[in-house]
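Observations on chain architecture
Spelled out, the chains give:
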Amino acid sequence: MSDNDVDQMMHAGGWAAWHAKLATMIAQYGQALIGVFNTPDDGPGPGFTYTIGLTPHAGYEIIVFGLPYESAAHFLNLMGEEIRAGKKYPIGEPIPELANLPMMLMRADKRARGYVCQADQYYGKKVVTLQLVLPDKSGNFPGQSGYDEEYMGLRQPLLYTP
């Protein structure tokens, strides 16, 4: 679901329609995905995608930056299926089985609020958010020696302090 989808729903039926659409998606698919800045029409800024629907199963939602929506959806849907089946992903450790490059989940701090506001609104509270972090081109994660902050900082804002 993109920002444009949400805007159209808000104009058509308000918050009740938006909430009902999310509830339907969560019931049907186990979670909903919100994609922001994922198209050229969305304006500048790094694209990001996040889940709504994992909180009852895992106690958190997941956000990822810098991937096209289709790629982000692939990883978030895979993780969502595994989480709903009982898998517990480690926090702060590389997860090599998701792709041909390791990724890592990190607990986001209050910086996530401006990004996951639709999840907060859906649940009526501030949700715990984990950031799915991508390594730089050399395979380094934020906080590791050699991490390319200049390149990655534009593509992947960090919602935590490494």
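Look above for the structure.
Structural notes, computed from the coordinates. (Residues numbered from 1 in each chain as written. Predicted model: local features only at pLDDT ≥ 70, side-chain atom pairs only at ≥ 80, totals over all residues. Heavy atoms only, no water.)

Right, let's get into the overall build of the protein chain. The number of helices and strands found in the protein chain is five helices and six strands. For the protein chain, the proportion of its 162 residues judged to be buried stands at 44%. In the protein chain, once contacts between residues fewer than 6 apart in sequence are set aside, the share between residues at least 24 apart is 51%. Carbon and sulfur atoms make up 54% of the accessible area of the protein chain, which amounts to about 8300 Å² in all. (Helix = DSSP H or I, 4+ residues; strand = E, 2+ residues; numbered from the N terminus. Buried < 20%, exposed > 50% of the residue type's maximum accessible area, 1.4 Å probe, protein only. Contact = heavy atoms within 4.5 Å. Areas by Shrake-Rupley, 256 points an atom, 1.4 Å probe, with all protein chains shown as cover.)

Under the definition given, this model contains three salt bridges. For Lys87, the salt bridge is made with Glu97, and the minimal N-O distance between the two is 3.1 Å. With Lys87 in the loop between α3 (69–84) and β4 (94–95) and Glu97 in the loop between β4 and β5 (103–107), this residue pair connects regions lying ten residues apart in the sequence. According to the relative accessible area criterion, Lys87 is partly exposed, its value standing at 32%. Between Asp109 and Arg111 there is a salt bridge; the shortest N-O distance is 2.5 Å. (Salt bridge = Lys/Arg side-chain N within 4 Å of Asp/Glu carboxyl O.)

Once that is clear, we can look at the side chain of Gln131. When you line up the elements, Gln131 lands in strand β6 (residues 129–133). Its relative accessible area of 0% is what places Gln131 among the buried residues. Those residues in contact with Gln131 that sit more than four places away from it in its chain are Ile63, Phe65, Met104, Leu105, Met106, Gln156, Pro157, Leu158, Leu159 and Tyr160.

For the rest of this paragraph, the subject is the sheet that holds strand β2 (residues 48–52). Read across the open sheet, the six strands follow the order β1-β2-β3-β6-β5-β4; overall the sheet is mixed. The open sheet has two edge strands, β1 (32–36) and β4, and neither has a second partner. Note: β5 against β6, four bridges, orientation antiparallel. Looking at β6, one finds that Met104 is bridged to Val133. (Pairing = 2+ DSSP bridges.)

Now for the pairing of β2. Counting buried positions along β2 gives five out of five residues, so the element sits mostly inside the fold. Neither face of β2 is left uncovered, since the one carrying Phe48, Tyr50 and Ile52 and the one carrying Thr49 and Thr51 both have all their residues buried. Where β1 and β2 come together, five bridges link them in antiparallel fashion. From the neighbouring strand, Leu33 faces β2, where its bridge partner is Thr51.

Okay, α3 next. Spanning 16 residues, α3 covers 21 Å between terminal C-alpha atoms, matching the ideal 22 Å at 1.5 Å per step. Listed as buried for α3 are Ala72, Ala73, Phe75, Leu76, Met79, Gly80 and Ile83. Turning to α3, the residues buried within the fold contact β1, β2, α2 (55–58), β3 (61–65), β5 and β6. One or two positions beyond α3, positive phi appears at Gly86, with a value near 110°. (Expected span 1.5 Å × (residues − 1).)

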